[in-house]
Structure formats: C-alpha cells, structure tokens
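Residue-level structural notes
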Amino acid sequence: MSPISREREYQRRRYEKWQGKLADKRARQLRQRRRVIIAGSAVAVVLVVAGTVLLLTGGDDASTSLASATSPSTSASPTASGSASASAGSSASAGSSASAGSSASPTASAGPNPCAKPAVQPPATPQKFATAPNASLAEGKSWTLTLTTSCGDVVAKLDGAKAPKAVANAIFLAGKKFWDGSPCHRLGTGSLKMLQCGDPTGTGTGGPGYQFGPVENAPSDGVYKRGTIAMARATSQDSQGSQFFILFGDTPLPGGYTVFGTITKGLDIIDKVAAGGLASVGEDGGSGPPSRAISIVSTSVTPA
C-alpha cells in the first residue's frame, strides 16, 4: 500500500471512530431526556393522587387543613376533605378550609338554589368531648341515620357490624345534637365527587375534641361507590372525628377511608347541590364551598 493510500485509510478510520463517539453521545442525551420525561410524568401522577387525598383531609382544630370522606378529612381527603382528602373526617390536609377560596368557580351554576336558604345557625362554640364513644354502642347491628337538611331529608343505613367505631360515633354525636345547625362546608366536583359535612364551624378544621381510628370497612379495590357515606380524616388513620362525606359519583381514593353506611334516600338532594358547582375554589384547586348552600338542621339515629 502506498503512503498516500495508508494516509487515506488512517483518516477514514479516524473519521469513523469520531462518528461512533458522536452517535454514542447523542444516544446518551436521548436516554437522559427520556428519563427526565418519565420522572416528570411520575411526579405528575403523584401530584394528582396527592390532590385527591387532599380533598379528604383535615382535622379537629388541626394545623393541617380537608370528603371527607375527602378527609375526601375530619375536614376527605372526600381527605374527605377527610374527609376526600376524601378528604375525599376532616380530611382535605384534605381538610383545607372549605371557606378558603381564591376565585369564582367556573362550575358555579347561574340557576337559583332549589333548596331553601338555611335558617339554622351553627353553635357559636361547638361542643367538645374528652373521649370517643365505645364501639359497643353500635351493638354490631344496622342503624338508620336521618339528616334533616335545609334541602330535605337524607337517610342512610349504617353498618354497625362492619364499622362499629364509626357507627358508634354517629349515634353519639347525633344524640348530643353535635351536627345540628352545621353547614356542609365542602363540595368536590372533579375526580372526587363528594359533599363533606360534619364540622359545626364550617371551616373544615373543626371536630368533637377527640379523634379515633383505625380505618374500618374500606373497599378492597379502593373504589368508593355513589351513595357511600364515609368518614373524613387527616393523614393518620386514627384522625377521624365528626366530619364525613357523601359520594354522588363513583370515586377511587388512595389510603383508605371508613365506609360506615349507604344513602337510601335523598341522594337526589346531594345531586342538586353538586349541580350548582362551587361558590369559590379552595387551595387544592378542585373543591370549595358549594354554590348552593346546604346545612344540617337536625339529626337522629335509630335502630334499623
């Protein structure tokens, strides 16, 4: 091979080697971009789940804010807004204050409230109790909870066998007229379809002075069916109090919330309230006080 041919061969191999290194560099950059995209998608999923739990959280004068289911919290995730955050007990921090709104809701209805304006007022100073009632109060049997609201009666069948602590709690609080006069302070109209009630202060952070747990009778598949009534809570499963949430649509909820009954009458009332949308949007961006106000006038629990 002539010197010229050898030089050309050397330059060719050098060029091919350089091209190979360049291709490797481009491949590494592509893999890195893909990892960033995947990581970003994972973060987005976590934020969506966290937002759902937030709807159901809250608590008894807790620093965390909920239906609460979210609450979605005692103020539901609901964490219903433990509520929902439930959260959504006061879940919404599912328990973000339901009255905390940042802007008018794009879901607010222009139509009038088909329900009467609440004439009842919550107590100036809600009652406080030292300890949660004993589960034996539920007697392991079925009970009927009647919520007389400013929109009509909402009736639920409570399961004292599957959720004895939560049912005993409902029997106790109804007997003490704890819920009488309290507004249903939080509505979720997005992925978490719930109305959260049970806080006499209407802020999503109030409770009976005690907390109890653990979670009872949570669905194994994590899907809470339309017509379910469940306890809101904060982050801890032992943070259930007085707040509860009612689902007006099937809702998947992570973390587990106590299902203590099923609505047998008046679910159409919840639908009416939900149809009005939000009066304002809370800090979680997906829930807030209902545009169509509804309050609990009185409550009773009797053997089924």
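In case you missed it, the structure is sitting above this.
Now for a quick tour of the structure.

Parameters at a glance
- Residues numbered from 1 in each chain as written.
- Predicted model: local features only at pLDDT ≥ 70, side-chain atom pairs only at ≥ 80, totals over all residues.
- Heavy atoms only, no water.
- Disulfide = S-S within 2.5 Å.
- Helix = DSSP H or I, 4+ residues; strand = E, 2+ residues; numbered from the N terminus.
- Buried < 20%, exposed > 50% of the residue type's maximum accessible area, 1.4 Å probe, protein only.
- Core = buried A, V, L, I, M, F, W, Y, C linked by side-chain atoms within 4.5 Å.
- Contact = heavy atoms within 4.5 Å.

This next bit is on the state of the cysteines. Applying the stated criterion across every chain yields a total of two disulfides. At a sulfur-sulfur separation of 2.2 Å, the disulfide partner of Cys 115 is Cys 151. On the sign convention where negative means left-handed, the S-S torsion of about 115° between Cys 115 and Cys 151 marks this disulfide as right-handed. Of the two residues, Cys 115 sits in the loop between α1 (3–54) and β1 (142–149) while Cys 151 sits in the loop between β1 and β2 (152–159), which places them 36 residues apart along the sequence. As far as the burial class goes, Cys 115 and Cys 151 line up, both buried. Here Cys 184 pairs with Cys 197 through a disulfide, and the sulfurs are 2.1 Å apart. A torsion of 100° about the S-S bond marks the disulfide between Cys 184 and Cys 197 as right-handed. Separated by 13 residues along the polypeptide, Cys 184 in the loop between α2 (164–175) and β3 (186–189) and Cys 197 in strand β4 (residues 193–197) bring together distant segments of the chain.

Counting residues in each nonpolar core, the largest one holds 44 residues, and the members touching the most others are Leu 158, Leu 195, Ile 229, Phe 244, Ile 246 and Phe 260. Sorting elements by how many residues they give to this core places α2 first, with eight residues. Setting aside residues up to four positions removed in sequence, Phe 260 forms contacts with Lys 157, Leu 158, Asp 159, Ala 163, Ala 166, Val 167, Ala 170, Ile 229, Ala 230, Met 231 and Phe 244. Leu 192, Met 194, Ala 232 and Phe 245 belong to the second-largest nonpolar core, a separate cluster that totals ten residues.

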